[in-house]
Amino acid sequence: MEMRKRKNADGDGYGGASVTGGVDRNSFSFSSKTGRIRSPKRIFFFCLAFRVVNALLIQTYFNPDEHWQSLEVAHRNVFGYGYLTWEWKRGIRSYLHPMVFAFLYKVLQVTGLDTPYVMSKAPRLLQSIFSALGDLYLYKLSYSLYGENVARWSLFCEMANWFIFFCLNRTFSNCLETVLTIISLYYWPCIRESSKDYPVNRKWGLVIAALACAIRPTSAIIWLYVGMLELFLTPNKIKFIILEVIPIGSLVLGFTCLLDRLMYGSWVIVPLNFLKFNFLSSGGDYYGTHPWHWYFSQGFLVMLFTFTPFTIAGIIKSKNQKLSALILWVLAIYSILGHKEFRFVLPVLPVALMFSGYAFAQMEASDSSSSAIKKKQVPRKNHIIKWSPKLSLSVLFLLVTNIPMALYMSLFHQRGTEDAMNYLSEEAYKGRVKSIVFLMPCHSTPYYSTLHSNIPMHFLDCTPSDEKGKLDESDQFLMDPLGFASELARKWSEPPSHIVLFSSEETKLEDFMIQHSFKEVKRFFHAHFKVDRDLQSSVAVYATQEYNTD
């Protein structure tokens, strides 16, 4: 198929020998002679509809940062009350990400739509728009590399993967970082086999990459690799560094520093503070460590789940050394750090799923006598490829394994803390809550951003101490629930109207509740099995007689 050859907008349409190798992207079906994607708007709105439903189905608690490092900060900025954790007092977080949700909250405040239900659903619905953009650009990236068949299968893999469904619509900075990563990769010429067929503006890639680093400084791990690859391949190295990297990087850094200066009230260089705490002092280890091989032996494999063999097959068959090396690079660098979490490597999960899409596209093409891979012919427009039993069983296998996992993790596992806060939010909205004490590990529930009522609340603090071995309030409570609660009660000028706790500690505090006239008013299912501590099967809400409405 004949295609027009054009240089990209930066004059860096370098071609020549390719390190990606593999299948010629022109062997797959294109929608026009110019190789343009068929109706990006339709693809986006399809993805958006899917992600909106996805967002509404997420009703569980995953990690405190979803609420405490974004929504809580945004709520405080807009409504004047909310809790800032120790990270904000040490200046290791930028306000750039929370301000996205602050804008949303401001709209809800001005329009009077800040009801308990809307406040609980709106942030994830906003994130669903970003997620849909990420889906669209994964399609576009796959299309530009391999053609329409791979693009379709890549989008299928992205939507069918349980962890993407479970996590991408949450309000973590990692989720927006993931979306920005996929969008930015699309604009980098070095990622393409040749950028002549698909002209791109590298400056856009740099701007978006810089924003990803501003939101999440560890994103620099990805862009160090991509930047060095671009520097190696581009013929205009001086122009790339002097006229693009330095000006764009400086502008984005300057903007975020000015924003943080405005919000913090003093000059704070967040990336530097973040680097000092997480890399130079291993401060993240305070929240637990994993062995160096965890991402390779457990973490990333759990995220890929049953897509793992297809991703490996796609990596081998595509021979795309650039993107496969990017995944390996990110996993290897994050493996150096002691503290590891699934969401840290989320930005490269869509790339891995694109390789699964490649494997499925090859499987599909091999089933047709007019295979684009084998014969390098363009299939007829209305040609229908009949799936082989192997392909049908593979798709069924992925759906049967991923859909139940996605729904269980999104609808059931660890939902009690969110349900409890949604209940208390409704009660507070009706004036039935005076104050709340959370006798549970720190940050186990959402906070003011969900409650959305300016009433006194107290949770057990777990700020890292400079004194090695010193127990925080959360650890003290878990060691001796009754003793800690009794000591806390002695400091009350008046008792709270409500106490929230897990069932695992409830039995140890039965006498305490009776002594202080608290009675159970609501119980919410939380989990079928334990995660980090004892089984926290349910969340109980207790109230004094005055506020016992049930």
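Per chain, residues are indexed from 1 in the order of the written sequence. Under the rules for a predicted model, residues below a pLDDT of 70 receive no local features and side-chain atom pairs below 80 are neither given nor counted, while totals for whole chains, interfaces and linings still include all residues. With hydrogens and water set aside, each side-chain value is computed from the structure's full complement of heavy atoms.

## Some points on the nonpolar core
In a soluble, globular protein the nonpolar side chains are often hidden away together inside.
(1) Moving on: Grouped together as the largest cluster of nonpolar side chains are 88 residues, with contacts concentrated most on Trp 188, Phe 300, Val 345, Leu 346, Leu 349 and Phe 360.
(2) Moving on: Helix and strand assignments come from DSSP, with helices taken as H or I runs of at least 4 residues and strands as E runs of at least 2, each series counted from the N terminus. Per-element accounting of this core gives the leading share, 10 residues, to helix 16 (residues 349-366).
(3) Moving on: Nonpolar cores were defined as sets of buried Ala, Val, Leu, Ile, Met, Phe, Trp, Tyr and Cys residues, with membership established by side-chain atoms within 4.5 Å. Think of it in three bands: residues with accessible area under 20% of the maximum for their type are buried, residues over 50% are exposed, and the middle band is partly exposed, with areas taken using a 1.4 Å probe on protein chains only. Ala 102, Leu 126, Met 440 and Phe 459 belong to the second largest nonpolar core, which has 40 residues in total.

## Concerning the packing of helix 8 (residues 173-186) against helix 10 (residues 220-233)
(1) Moving on: In contact at an axis separation of 12 Å, helix 8 and helix 10 are set at 10 degrees when each is read in the N-to-C sense. Considered as vectors, helix 8 and helix 10 are oriented roughly parallel to each other. Contacts between helix 8 and helix 10 involve Glu 177, Thr 181, Ser 184 and Leu 185 from the first element and Ile 222, Trp 223 and Val 226 from the second.
(2) Moving on: The residue makeup of the contact of helix 8 with helix 10, split by class, is four nonpolar, two polar and one charged. For every element, the axis is a line fit to its C-alpha atoms; helices are fit only across the contacting stretch, and the angle between N-to-C directions ranges from 0 to 180 degrees. Roughly parallel means an angle under 35 degrees; roughly antiparallel means over 145; roughly perpendicular covers 65 to 115; every other angle is labelled oblique. Contacts are assigned to residue pairs that have any heavy atoms within 4.5 Å of one another. When residues are grouped by polarity, Ala, Val, Leu, Ile, Met, Phe, Trp, Tyr, Cys and Pro land in nonpolar, Asp, Glu, Lys and Arg in charged, and all others, Gly among them, in polar.

## Quick word on a nonpolar patch on the surface
(1) Moving on: Every patch collects residues that have over 30% relative accessible area and no salt bridge, joining them within 9 Å if they carry like charges and within 5 Å if they are nonpolar side chains (Val, Leu, Ile, Met, Phe, Trp, Tyr). Each accessible area is a Shrake-Rupley result for a 1.4 Å probe, and residues are judged covered by the shown protein chains and nothing else. We define a salt bridge as a side-chain nitrogen of Lys or Arg found within 4 Å of a carboxyl oxygen belonging to Asp or Glu. Together, Ile 238, Ile 241, Ile 242, Leu 243, Val 245 and Ile 246 make up a nonpolar patch on the protein surface, roughly 550 Å² of accessible area in all.
(2) Moving on: When you line up the elements, Ile 246 lands in helix 11 (residues 237-264).

## Side note on the pattern of salt bridges
(1) Moving on: Within this structure, the stated rule accounts for 16 salt bridges.
(2) Moving on: Here Arg 124 and Glu 66 are joined by a salt bridge, their closest N and O atoms 2.8 Å apart. With Arg 124 in helix 5 (residues 116-146) and Glu 66 in helix 2 (residues 65-79), this pair connects stretches of sequence that are 58 residues apart.
(3) Moving on: Residue Glu 494 pairs with Lys 434 through a salt bridge whose shortest N-O separation is 3.0 Å. Of the two residues, Glu 494 is situated in the loop between helix 22 (481-490) and strand 3 (498-502) and Lys 434 in the loop between helix 19 (416-429) and strand 1 (436-439); the sequence distance between them amounts to 60 residues.
(4) Moving on: The exposed category is assigned to Glu 494, whose relative accessible area is 51%.
(5) Moving on: Since its relative accessible area comes to 30%, Lys 434 is described here as partly exposed.
(6) Moving on: Ionic contacts of the salt-bridge type, sharing partners, join the residues Asp 65, Arg 93, Glu 341 and Arg 343 into one network.

## Details of the packing of aromatic side chains
Any aromatic ring pair is given by two values, namely how distant the centres are and how the planes are angled relative to each other.
(1) Moving on: Aromatic pairs are defined between Phe, Tyr and Trp rings, using the six-membered ring for Trp, whenever the two ring centres lie within 6.5 Å; interplanar angles under 30 degrees are classed as stacked, those over 60 as edge-to-face, and all others as tilted. The final tally for this structure, using the stated rule, is 45 aromatic pairs.
(2) Moving on: Geometrically, the ring pair formed by Tyr 83 and Tyr 447 is edge-to-face, given 6.2 Å between the ring centres and 85 degrees between the ring planes. Placement of Tyr 83 in the loop between helix 2 and helix 3 (86-89) and of Tyr 447 in the loop between strand 1 and helix 20 (448-451) is noted, with a sequence separation of 364 residues between them.
(3) Moving on: Look at Tyr 83 and you get partly exposed, because its relative accessible area is 26%.
(4) Moving on: Looking at Tyr 447, the relative accessible area reads 1%, which means it is buried.
(5) Moving on: Here the aromatic cluster, defined as three or more aromatic residues joined through ring pairs, consists of Phe 62, Trp 162, Phe 163, Phe 166, Phe 172, Trp 294, Tyr 295, Tyr 334, Phe 342 and Phe 344.
(6) Moving on: Directly above the ring of Phe 166 sits Arg 170, whose terminal nitrogen or CZ lies 4.5 Å from the centroid. Here, a charge over a ring means that NZ of Lys or CZ of Arg falls within 6 Å of the ring centre while also lying within 35 degrees of the ring normal.

## Here's the deal with the UniProt feature "transmembrane region" (unreviewed entry) in the protein
(1) Moving on: UniProt positions are given in the numbering used here, feature names are shortened, and annotations may be inferred rather than shown by experiment. Those places that UniProt annotates as "transmembrane region" (unreviewed entry) correspond, in this numbering, to residues 43-62, 204-226, 238-255, 292-316, 323-338 and 391-411.
(2) Moving on: Within residues 43-62, the helical portion is 75% and the strand portion 0%, while the C-alpha atoms at the span's ends are 29 Å from each other.
(3) Moving on: Split by type, residues 204-226 is 83% helix and 0% strand. Its first and last C-alpha atoms lie 14 Å apart.

## A look at the pairing of strand 3
(1) Moving on: Of all five residues in strand 3, five are buried, a share of seventy percent or more.
(2) Moving on: By the alternation rule, side chains of strand 3 split into His 498, Val 500 and Phe 502 and Ile 499 and Leu 501, which are all buried.
(3) Moving on: When DSSP finds two or more bridges between two strands, those strands count as paired. In terms of strand pairing, strand 1 meets strand 3 through four bridges, oriented parallel. Looking at the pairing, Phe 438 lines up with Val 500 of strand 3.
(4) Moving on: Bridge analysis of strand 3 against strand 5 (residues 538-544) gives five bridges, and the strand direction is antiparallel. Looking at strand 5, one finds that His 498 is bridged to Ala 543.

## Notes on the sheet that holds strand 3
(1) Moving on: Taken together, the five strands give an open sheet; going across it, the order is 2-1-3-5-4, and neighbouring strands pair in mixed fashion. Edge positions in the sheet fall to strand 2 (457-459) and strand 4 (518-525), since each has one partner strand and no second. Within this sheet the neighbouring strands show an average axis-to-axis angle of 20 degrees, counted without direction.
(2) Moving on: Bridging between strand 4 and strand 5 involves seven bridges; their strand directions are antiparallel.

## Structural notes on helix 10
(1) Moving on: Working rule for helices: expected span equals 1.5 Å times residues minus one. End to end, helix 10 covers 19 Å across 14 residues, agreeing with the expected 20 Å (1.5 Å per residue, within 8%).
(2) Moving on: Within the sequence span of helix 10, burial applies to Ile 221, Ile 222, Trp 223, Tyr 225, Val 226, Gly 227, Leu 229 and Glu 230.
(3) Moving on: Buried residues belonging to helix 10 abut helix 8, helix 9 (202-215), helix 11, helix 12 (270-280) and helix 15 (321-336).

## Concerning the state of the cysteines
(1) Moving on: Whenever a pair of cysteine sulfur atoms sits within 2.5 Å, that pair is classed as a disulfide. Taken as a whole, this structure holds one disulfide when the rule is applied.
(2) Moving on: A disulfide bridge connects Cys 442 with Cys 462, and the sulfur atoms are separated by 2.0 Å. Judged by the sign of its S-S torsion, about 90 degrees, the cystine formed by Cys 442 and Cys 462 is right-handed. Placement of Cys 442 in the loop between strand 1 and helix 20 and of Cys 462 in the loop between strand 2 and helix 21 (473-479) is noted, with a sequence separation of 20 residues between them. The exposure classification of Cys 442 matches that of Cys 462, with both residues buried.
(3) Moving on: Take Cys 175: it sits in no disulfide, and the sulfur closest to it among the cysteines is that of Cys 167, at 4.1 Å.
(4) Moving on: With relative accessibility at 0%, the residue Cys 175 sits in the buried group.

## Here we look at the environment of Ser 465
(1) Moving on: Within the secondary structure, Ser 465 sits in the loop between strand 2 and helix 21.
(2) Moving on: A C-alpha to C-alpha distance of 9.4 Å links Ser 465 and Tyr 286, two positions 179 residues apart in sequence.
(3) Moving on: Aside from chain neighbours lying at most four places away, what touches Ser 465 is Tyr 286 and Lys 470.

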